[in-house]
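What follows is the residue order along each chain.
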Amino acid sequence: MGFAQVETLQKVCPGIRYAINCGKALPKKRGPELEALIARHRGEANAYAAFDCDNTTVIGSISQVYQITMIEELHFACGPDGMKALMLTGVPDANRPLLAGNPKSTADNLAADMADAYRELLAMKAAGKDYLSSPVFAEFAAKYKALYHGLIAAFGTGVGYPWIGYPIAGYTREEVFAFERHAVRKEMARGGLSQQSFTVPEGQARRAGVCTAEYTRGMAIPPENVALFAALREAGIVPNIVSASNRELLLAVFTAPEFGFNLPEDCIYGYSFKRDAAGRLLAEYTDERLMPQMQGKVDLIRRKLMPRFGGRAPVLVGGDSIGDYAMLTAFPEMDRGLIFNPGQVKDDALGTLVRTALAGGTRYLLQGRDNARAVLVDSPLTAIASRVD
């Protein structure tokens, strides 16, 4: 969708407002609706906002950034002997096939294959060989992501989302912070989002067989969002991150001055790991009752944020997916909801909110982006697909 099309759409549907004025001189990258919201709540006691992280506050996923960099650099604390056990952490049934049409694709088989592949890759790396171009690496990368998606398909996000955080176990918080920041810098340098596919070669089928898996590469931190957070804080409206990502990864990004947000730790909520006596993270979450995904985000806001802010609901909620629908709709006192990257309007509950906004509704603001360049655009919709590497 070009800018002329956006202008035409706005003439037809005058209620549409893209939320952020992109490409304008900082700090005035906020659209009139957000400017008005900030003015309405400036100086109010206990005013705050709640934002999702992935594909909302940042473009891309901070967990996937860590994941693909960890895979490429073989950065697992467990070593090959502990790889199978790590991959099976939190799996309810390791003998259930996870991939359609492949009865051998159990979590047990996938994890065992990955442990063997990881051992071979470490030996190749130690010998100075180009392991990234090897069929063994293609197998390892494909089966890793296939296991993740298979767990979600078989057991739901309540199993899959926590699982993606387990591989950071064994490292200290400081080590996780350093590696996540390295991973973010590396993926931001790609200059946009792209898709990278890995297929298990026939010769690497092993126990679980062949499969193909795709990774989204790249990440960006929109300066508009950094400016929005700064404007909210300046007005006394406290921005908070409420995410289904691991909290250690969130802290690494959102407390670091180099990435612009520089939030205090008590404004960052996600899954949290326990630690051992030496400070190493354990693959065990601290509070199973507060899993910040879907309805869990609403529960977290009610149990953690509302008591902090005098019992108030957030004045602004930002999200991008069906996982954010609950917190976008749970609070009648919410002033505005901000929906990022609507893309194709899906036939689901979030799609209903998007269609209502496109029809002129004012409760929800839409903000589109250019996926290929990983930037926000002056459009209520996302129209450009990401690249394929």
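Preceding this paragraph is the structure being described.
All of the points below concern the structure found in this document.

Reading the values: rules and limits
- Residues numbered from 1 in each chain as written.
- Predicted model: local features only at pLDDT ≥ 70, side-chain atom pairs only at ≥ 80, totals over all residues.
- Heavy atoms only, no water.
- Helix = DSSP H or I, 4+ residues; strand = E, 2+ residues; numbered from the N terminus.
- Buried < 20%, exposed > 50% of the residue type's maximum accessible area, 1.4 Å probe, protein only.
- Contact = heavy atoms within 4.5 Å.
- Areas by Shrake-Rupley, 256 points an atom, 1.4 Å probe, with all protein chains shown as cover.
- 1 Å grid on protein atoms, 1.4 Å probe; cavity = no way out; pocket = protein on both sides within 12 Å on 5 of 7 lines; lining within 4 Å.
- Points joined across faces, edges and corners; volume = space filled by probe spheres on them.
- Nonpolar A, V, L, I, M, F, W, Y, C, P; charged D, E, K, R; others polar.
- Salt bridge = Lys/Arg side-chain N within 4 Å of Asp/Glu carboxyl O.
- Arc of directions from axis to C-beta.
- Polar contact = N/O pair within 3.5 Å; in protein donor to acceptor, adjacent residues only side chain to side chain.
- Pairing = 2+ DSSP bridges.
- Axes fitted to C-alpha atoms, helices over the stretch in contact; angles between N-to-C directions.
- Parallel < 35°, antiparallel > 145°, perpendicular 65-115°, else oblique.
- Left-handed = near helix turned anticlockwise from the far one by under 90°.

A few words now on the overall build of the protein chain. What the protein chain contains, in helices and strands, is 13 helices and 15 strands. Buried positions account for 58% of the 389 residues belonging to the protein chain. Pairs at least 24 residues apart make up 70% of the contacts formed inside the protein chain by residues separated by at least 6 positions. Carbon together with sulfur atoms contributes 53% to the accessible area of the protein chain, which is approximately 15300 Å² in total.

The next thing to look at is the environment of L99. Summarising the element assignment, L99 is placed in strand β2 (residues 97-99). Counting along the chain gives 112 residues from L99 to C211, while the straight-line C-alpha distance between them is 8.4 Å.

This next bit is on empty space enclosed by the protein. Counted under the stated rule, the structure contains two cavities of 30 Å³ or more. Each pocket or cavity is described by its volume, and for the second largest cavity that value is around 30 Å³. Lining the second largest cavity are S63, Y66, Q67, M70, I164, G165, I168 and L249. For the lining of the second largest cavity, the element with the highest residue contribution is helix α3 (residues 62-72), accounting for four residues. Broken down by class, the residue content of the lining of the second largest cavity amounts to five nonpolar, three polar and no charged.

Glancing now at the pattern of salt bridges. Tallied over the entire structure, the rule returns 25 salt bridges. We note a salt bridge from D108 to K84, for which the minimum N-O separation is 3.2 Å. One end of the pair, D108, is in helix α5 (residues 107-126); the other, K84, is in helix α4 (residues 79-87), and 24 residues separate them in sequence. By relative accessible area, K84 is classed as partly exposed at 29%.

Let us look at helix α13 (residues 349-358). Of the positions making up α13, those classed as buried are L350, G351, L353, V354, A357 and L358. Mapping the buried residues of α13 onto a view down its axis gives an arc of 155°, with all of them on the same face. Where α13 starts, the residue carrying a side-chain oxygen 3.2 Å from the main-chain nitrogen of L350 turns out to be D348. G360 occupies a position one or two residues after α13 and carries a positive phi of about 115°.

Among the five residues that make up strand β11 (residues 336-340), five are buried, leaving the element largely enclosed by the rest of the structure. Side chains of β11 alternate between two faces, with R336, L338 and F340 and G337 and I339 buried alike. Here strand β10 (residues 316-319) runs beside β11; their pairing, made up of four bridges, is parallel. Following the sheet pairing, L316 is matched in β11 by R336. Pairing geometry for β11 and strand β12 (residues 364-367), over four bridges, is parallel. The partner of G337 across the bridge, within β12, is Y364.

Turning our eyes to something else, we now look at the sheet that holds β12. Spatially, β7-β6-β1-β10-β11-β12 is the arrangement adopted by the six strands of the open sheet, whose pairing is parallel. In the strand order of this sheet, the two ends are held by β7 (268-271) and β12, each with one partner. Each strand axis lies, on average, 15° off the axis of its neighbour in the sheet, ignoring direction.

Taken N-terminus to C-terminus, the directions of α3 and helix α6 (residues 135-155) make an angle of 150°; their axes are 10 Å apart at the nearest point. With respect to α6, the element α3 is oriented roughly antiparallel. Crossing handedness for the pair α3 and α6: right-handed. Two secondary-structure elements touch here, α3 through Q64, Q67, M70, I71 and E72 and α6 through F137, F140, A141, Y144 and K145. Considering only residue class, the contact of α3 with α6 consists of six nonpolar, two polar and two charged.

Everything listed here is a matter of coordinates, which is why it stays silent on function.
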